[in-house]
Amino acid sequence: MHHPHQHATRPVCRPLAFALHLVFCGAALAGATSAVHAQERQDVRQYDIPAGPLSATLNRIGETAGVLLSFDPDLVRNRTAPAVKGALTPGQALDRALAGSGLAARAEGSVLVVRAMPKSGSAETVLPQVTVKGEATQESAWGPVRGYVARRGATGTKTDTPLIETAQSISVITRDRLDEQGVDSLAEALRYTPGVQGETFGFNPRATSLRLRGFLGLATGLYQDGLALRTLTTTGEAFDPEPYGAERIEVLRGPASVLYGQGSPGGVVSFVSKRPTAEPLREVALEVGSFDLKEGRFDVGGTANGDGTLLFRVTGLLRDSEAQVDFTRNDRQYIAPALTWQPSANTTLTLLTHYQKEDTGDFQFAPAAGSLTANPNGKIPRNRNFGEPDFDHHERTEHAVGYAFEHRTDNAWTFRQNLRYGQSTLDRGIVYGGSLQADQRTLNRFAFTNDKDLDAFSVDNQAQWEFSTGAVRHTLLLGLDYQRFKEHNVSAFGAAPSLDIFDPVYGSPVATPAVYQDQHNTLRQTGLYLQDQIKVDEKWVLSLGGRHDWADSEIENNRNGTRTQQDDSAFTGRAGLVYLSDTGLAPYLSYSQSFLPVVGTDAAGKPFEPETGEQYEVGVKYQPAGAKSFVTVALFDLTRQNVVESVPPTFQQRQTGEVRSRGIELEGVASFDFGLDLVASYTYLDAEITKSERPGEEGRRPEQTPEHMASLWADYTLRGGALNGLGLGAGVRYVGATWGNIANTVKVPGYTVADAALHYDWQGARFALNVHNLFDEKYVASAFSNGNFASFGAARTVKASVTYRW
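Reference entry: report on the structure contained in this document. These figures come from a predicted structure and were not determined experimentally.

Procedures and definitions
Residues numbered from 1 in each chain as written. Predicted model: local features only at pLDDT ≥ 70, side-chain atom pairs only at ≥ 80, totals over all residues. Heavy atoms only, no water. Salt bridge = Lys/Arg side-chain N within 4 Å of Asp/Glu carboxyl O. Buried < 20%, exposed > 50% of the residue type's maximum accessible area, 1.4 Å probe, protein only. Helix = DSSP H or I, 4+ residues; strand = E, 2+ residues; numbered from the N terminus. Core = buried A, V, L, I, M, F, W, Y, C linked by side-chain atoms within 4.5 Å. Pairing = 2+ DSSP bridges. Patch = residues over 30% accessible without salt bridge, like charges linked within 9 Å, V, L, I, M, F, W, Y side chains within 5 Å. Areas by Shrake-Rupley, 256 points an atom, 1.4 Å probe, with all protein chains shown as cover. Lys, Arg positive; Asp, Glu negative; His and termini not counted. Charge placed at Lys NZ, Arg CZ, Asp CG, Glu CD. Phe/Tyr/Trp six-rings, centres within 6.5 Å; stacked < 30°, edge-to-face > 60°. Lys NZ or Arg CZ within 6 Å of the ring centre and 35° of its normal. Expected span 1.5 Å × (residues − 1).

**Details of the pattern of salt bridges**
Moving on, step 1. Tallying each qualifying case throughout the model produces 53 salt bridges.
Moving on, step 2. R563 is paired through a salt bridge with E554; the nearest N and O atoms lie 3.8 Å apart.
Moving on, step 3. Since its relative accessible area comes to 53%, R563 is described here as exposed.
Moving on, step 4. With a shortest N-O distance of 4.0 Å, E658 and K691 are connected by a salt bridge. On the criterion of sequence distance, the pair formed by E658 in strand β36 (residues 652-671) and K691 in strand β37 (residues 676-691) is long-range, its members being 33 residues apart.
Moving on, step 5. Since its relative accessible area comes to 45%, K691 is described here as partly exposed.
Moving on, step 6. Each member of the salt-bridge network shares a partner with another, and the members are D240, E242, E287, E295, R297, R319, R332, E358 and R396.

Here's what the structure looks like:
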């Protein structure tokens with residue numbers, strides 16, 4: 001941790017040069033006196049600090065307690081501290097560390113200062129008692145954050161680690177930010193995050209069109225509470241988490257196989273569920289808006305018994321709404337009960353469940369002529385439905401039950417087990433366009449249906465050991481995880497009646513399409529991993545990790561009775577180094593790998609090797625002492641290898657492709673005490689197909705991958721005066737031009753979209769107005785299918801809500 005110096009002068013004391021040790025965990029003490037002993041709701045935390053240098057012990061106490069701790073380095077130099085162990089308040093922990101040293105901790109403003117105790121008869125003034133004002137709960141990697149700035153996370157390490165000590169680029173989207181931006185989907189939540197595309201294909205109510213650092217991530221890059229939300233086929237997405245159920249959303253950019261096994265090299269989007277809290281929580285909300293939106297939400301929780309060992313929380317949502325495209329819906333039902341049992345300070349078991357049902361429109365794509373390029377008949381309206389309302393449907397139901405268990409022992413060991421079993425069913429049918437006839441207005445169409453049932457089981461077992469050897473502190477993590485996904489997928493395809501897209505008449509009968517695919521898919525993965533986070537002299541953080549995975553997949557074709565089975569194994573590693581300077585700057589560098597099994601064989605019948613990814617990343621993070629802000633600058637070079645290609649003229653699949661993505665990402669978040677919250681980001685992405693046997697592809701830029709993206713959001717709330725509680729938010733998002741085909745001949749122009757918010761807090765209620773795409777910019781988000789089709793971006797939406805908390 002960094003140690004910036006602070007200078008202060010007291011009336012009787014000589015000037016001191018303070019090393020201010022900031023370990024901000026989202027909350028300080030909830031009431032402590034200058035003697036640091038008031039009994040007003042101080043958090044009891046588990047300490048397991050071995051005997052050692054006093055400076056290191058004080059740093060550990062500050063980090064664990066989440067307090068602002070300052071001391072003169074000369075005062076503690078060459079001093080040792082006894083072991084500090086057990087469930088203690090911060091004051092008790094400091095007393096044990098300082099016992100017999102002639103030093104004591106006092107609260108001065110919002111800082112705990114370690115000073116020499118006055119000698120008997122000294123003229124030194126005894127400082128008066130001062131109360132430290134803090135938040136009521138301590139931030140953890142799985143808990144709430146006040147404002148926009150998170151300090152800790154677990155997605156990058158699977159341990160509760162300060163973000164500044166993680167040698168990889170991470171963004172945290174907090175609950176407060178989700179609320180103020182009026183987010184209704186995961187895709188909307190990712191709009192102001194660098195390196196991420198959540199709306200690659202524009203308006204898509206059925207799922208998040210996810211890309212990270214230029215690589216697709218929907219099938220393998222989505223996680224909830226540390227466990228995978230995986231889709232085995234691309235004909236329909238199995239999961240789309242409800243953002244109202246999130247406490248935070250974390251985005252880890254770059255390969256993460258060392259922790260999670262097989263996955264996209266682009267990174268991980270981790271959805272962290274709301275969990276029970278001891279603080280009473282009562283919230284209800286009503287919302288109305290564009291497309292006849294009507295929505296109700298509630299979030300209630302607190303203690304469920306007299307001794308506080310049982311906590312509960314229930315979060316729910318009901319939405320009834322039309323959607324941007326004519327004759328489509330955006331309905332959702334969601335409920336997520338959670339229960340925490342904490343029989344002691346060392347043991348916690350949290351039950352996490354949810355049920356979600358939705359009826360949404362399907363992804364609509366328009367002919368390029370009339371949307372992206374000119375059409376003699378005019379422009380195609382973005383609300384045009386190219387399907388058949390009586391045939392089209394997209395209904396998905398998912399439910400899951402799981403738990404997060406943690407037990408801390410008295411000898412520096414922590415054991416965790418995260419487990420979840422979930423099911424998802426999809427009933428999908430759509431009529432979609434094939435090509436325009438010679439008149440450029442009659443659309444040839446096809447019918448497609450997809451029925452999918454998915455069973456998913458995941459368990460992750462972790463053993464964490466914290467120990468010190470001199471000035472070197474270790475957080476050692478040993479893990480064993482297992483995943484099993486079983487899916488029954490039935491797809492059908494057939495012709496459908498044509499449609500005049502400029503004067504549509506719906507209602508033509510659609511013949512039942514013929515089944516062309518009926519298969520059972522099974523994926524199993526077992527992974528064993530080891531990670532050591534090594535902290536030296538509170539300045540250097542070295543992270544080393546390795547993992548071996550065993551994965552097997554099986555495809556059973558129910559139409560012809562054949563079965564294909566493939567076994568893969570791979571070792572992946574990661575290494576990172578961070579330097580924690582006294583100025584708050586933390587330069588870092590890292591190397592990481594990924595792997596992803598590929599089912600199939602080449603022309604010789606040889607099974608494909610797994611796709612691999614490797615990344616080199618350097619950057620700097622900045623966390624100013626005493627301020628709620630965080631800045632990250634990252635430069636990366638990421639290569640995806642062993643890409644399978646269909647090579648003409650026979651189109652036999654070969655494993656010869658390679659894609660490189662390198663660039664720069666900048667992100668800054670800040671929450672100021674006077675009421676201003678800020679988020680700013682910029683991405684430069686240089687993506688290129690570096691190896692290909694297909695003619696004309698090598699050296700080209702991949703489709704739907706912008707070179708530049710940028711965003712800025714600010715929200716200001718008045719604190720005091722006649723307009724106390726009135727707030728205004730505004731944001732702008734820019735996505736650069738992309739290519740609609742691999743030949744890079746069909747170009748989609750970039751676009752800029754503005755958002756706005758107005759809110760007013762009054763006697764426990766918040767009245768809010770959120771507008772997305774404020775100026776109703778009409779734009780094409782992307783093109784595909786060799787540039788023959790395009791998708792429209794989201795239209796302007798206006799939502800008014802009232803939220804009451806008591």
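**As for the nonpolar core**
A general tendency of soluble globular proteins is for nonpolar side chains to be buried together.
Moving on, step 1. One finds L178, L190, I249, V269 and V578 to be the most contacted residues of the largest nonpolar core, which totals 50 residues.
Moving on, step 2. With 4 residues, strand β18 (residues 246-253) is the largest single contributor of residues to this core.
Moving on, step 3. Of all hydrophobic cores here, the second largest spans 22 residues; its members include Y47, V76, L98 and V114.

**A few points about the sheet that holds strand β45 (residues 789-792)**
Moving on, step 1. The strand order across the open sheet formed by 3 strands is β25-β45-β44, and the pairing between neighbours is antiparallel. Edge positions in the sheet fall to β25 (366-367) and β44 (780-784), since each of these pairs with one other strand and no more.
Moving on, step 2. When β44 meets β45, the two strands line up antiparallel, connected through 4 bridges. Looking across to β45, one finds that A783 is bridged to A790.

**Re a negative patch on the surface**
Moving on, step 1. A grouping of E395, D427, D451 and D453 is seen on the molecular surface, where their side chains present a negatively charged patch.
Moving on, step 2. Here E395 lies in strand β26 (residues 393-408).

**Considering the packing of aromatic side chains**
Moving on, step 1. Counted under the stated rule, the structure contains 22 aromatic pairs.
Moving on, step 2. Each ring, one from Y192 and one from W713, has its centre 5.9 Å from the other, and the planes form 65°; the classification is edge-to-face. Of the two residues, Y192 is situated in the loop between α5 (186-189) and β13 (196-197) and W713 in strand β38 (residues 708-717); the sequence distance between them amounts to 521 residues. W713 matches Y192 in its accessibility class, with the two residues each being buried.
Moving on, step 3. Note on F327 and Y506: the rings are 5.3 Å apart at their centroids and 75° apart in plane angle, and the pair reads as edge-to-face. Placement of the pair is F327 in the loop between β22 (310-320) and β23 (330-344) and Y506 in the loop between β29 (472-500) and β30 (514-536), with a sequence separation of 179 residues.
Moving on, step 4. Note on F327: relative accessible area 57%, which makes it exposed.
Moving on, step 5. Put simply, the rings of F201, F363, F365, Y432, F446, F493, F784 and F789 touch in pairs and so form one group of aromatic residues.
Moving on, step 6. A cation over a ring is seen here: R297 above Y244, with NZ or CZ 5.5 Å from the ring centre.
Moving on, step 7. In this structure, K621 packs its charged tip against the face of Y588, placed 5.4 Å from the ring centre.

**Thoughts on helix α1 (residues 54-65)**
Moving on, step 1. Over its 12 residues, α1 extends 16 Å from the first C-alpha to the last, a length consistent with the 16 Å expected when each residue adds 1.5 Å.
Moving on, step 2. Within α1, 9 of the 12 residues are buried, which leaves it mostly tucked inside the rest of the structure.
Moving on, step 3. All buried positions along α1 are accounted for by L54, T57, L58, N59, R60, I61, G62, E63 and A65.

Note that every value here comes from positions in space, so none of it alone points to a role or purpose.
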